[in-house]
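# Structural overview
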Amino acid sequence: MKKFISNLFLLTSSFLLSSCGAEQEFTSWPCRFIYDNSIHLDQTLATATNSASSGIFCKITQTVKGGTKYLVFENNQGLSSTQIETATEIRSNLRLGLNNGIIVGFQNFGGFVAYDIQCINCVYKENNFSNPNYRLTMDQKGTGIATCSKCGKQYDLNNGGLIVNGEQGDRSLQPYRNAQTSGPQGVTTVLSE
């Protein structure tokens, strides 16, 4: 029993020491998303902002139809919805990431997080920050894996955006520094500053 406890202590100590000093890198890509779901009661967004439903992520994009702005919500469970933007949301100058898209949700470990929808490795490789189109698509089976539409690299949204398959020197997704939610029928905020 002493040996087991000793080994457990060593294992725990080495894990803690290896995680010390590893600072989280945050993206500086532009984002300004403030959304009050108590107004819209959007069920797709609500699935990803419920702390009891970790592992469900929601992609948020913006579209314009007939001169009217809409927000489009799609989760990794196959649910999708569209909400018309209110005058307040239009005045707030929403900016959804590097090129019109973010992904939000509760990780299995680590709390609420938001990522840009663009593949970080393709953006840097192509040096295309002005109009990138390297979108991540989420697995619809709820695994929390997002795949780049261009290079095929996969990222684990549940595990800090770590790259699942890649090459030496590849980057993991970087979360937005200020991502928070007050719950399914509350305010969700994602800011780059």
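A few points on the structure. Predicted model, so just to flag it, every value in this text is computed and none were measured.

This paragraph deals with the pattern of salt bridges. Applying the stated criterion across every chain, the model contains 3 salt bridges. Here K59 and E74 are joined by a salt bridge, their closest N and O atoms 3.5 Å apart. Residue K59 is located in strand β2 (residues 57-65), and its partner E74 is located in strand β3 (residues 68-75); the two are separated by 15 residues in the primary sequence. Between K153 and D170 there is a salt bridge, with the nearest N and O atoms lying 3.4 Å from each other. Residue K153 is located in the loop between β8 (145-148) and β9 (154-156), and its partner D170 is located in the loop between β10 (162-165) and β11 (178-181); the two are separated by 17 residues in the primary sequence. Note on K153: relative accessible area 13%, which makes it buried. A relative accessible area of 24% means that D170 is categorised as partly exposed.

Moving on: the sheet that holds strand β4 (residues 80-84). Think of a sheet as strands paired side by side through backbone hydrogen bonds, with each pair either parallel or antiparallel. Judged by pairing direction, the sheet is antiparallel, and its 5 strands sit side by side in the order β4-β3-β2-β5-β6 without closing on themselves. Pairing within the sheet leaves two strands with one partner each, and these edge strands are β4 and β6 (112-116). Strand-to-strand twist across the sheet, computed as the mean angle between neighbouring axes with direction ignored, equals 25°. Alignment of strand β5 (residues 102-106) against β6, held across 5 bridges, turns out to be antiparallel. Bridge pairing in β6 links I102 to D116.

Conventions adopted
- Residues numbered from 1 in each chain as written.
- Predicted model: local features only at pLDDT ≥ 70, side-chain atom pairs only at ≥ 80, totals over all residues.
- Heavy atoms only, no water.
- Salt bridge = Lys/Arg side-chain N within 4 Å of Asp/Glu carboxyl O.
- Helix = DSSP H or I, 4+ residues; strand = E, 2+ residues; numbered from the N terminus.
- Buried < 20%, exposed > 50% of the residue type's maximum accessible area, 1.4 Å probe, protein only.
- Pairing = 2+ DSSP bridges.
- Axes fitted to C-alpha atoms, helices over the stretch in contact; angles between N-to-C directions.

Nothing here speaks to function; it is geometry throughout.
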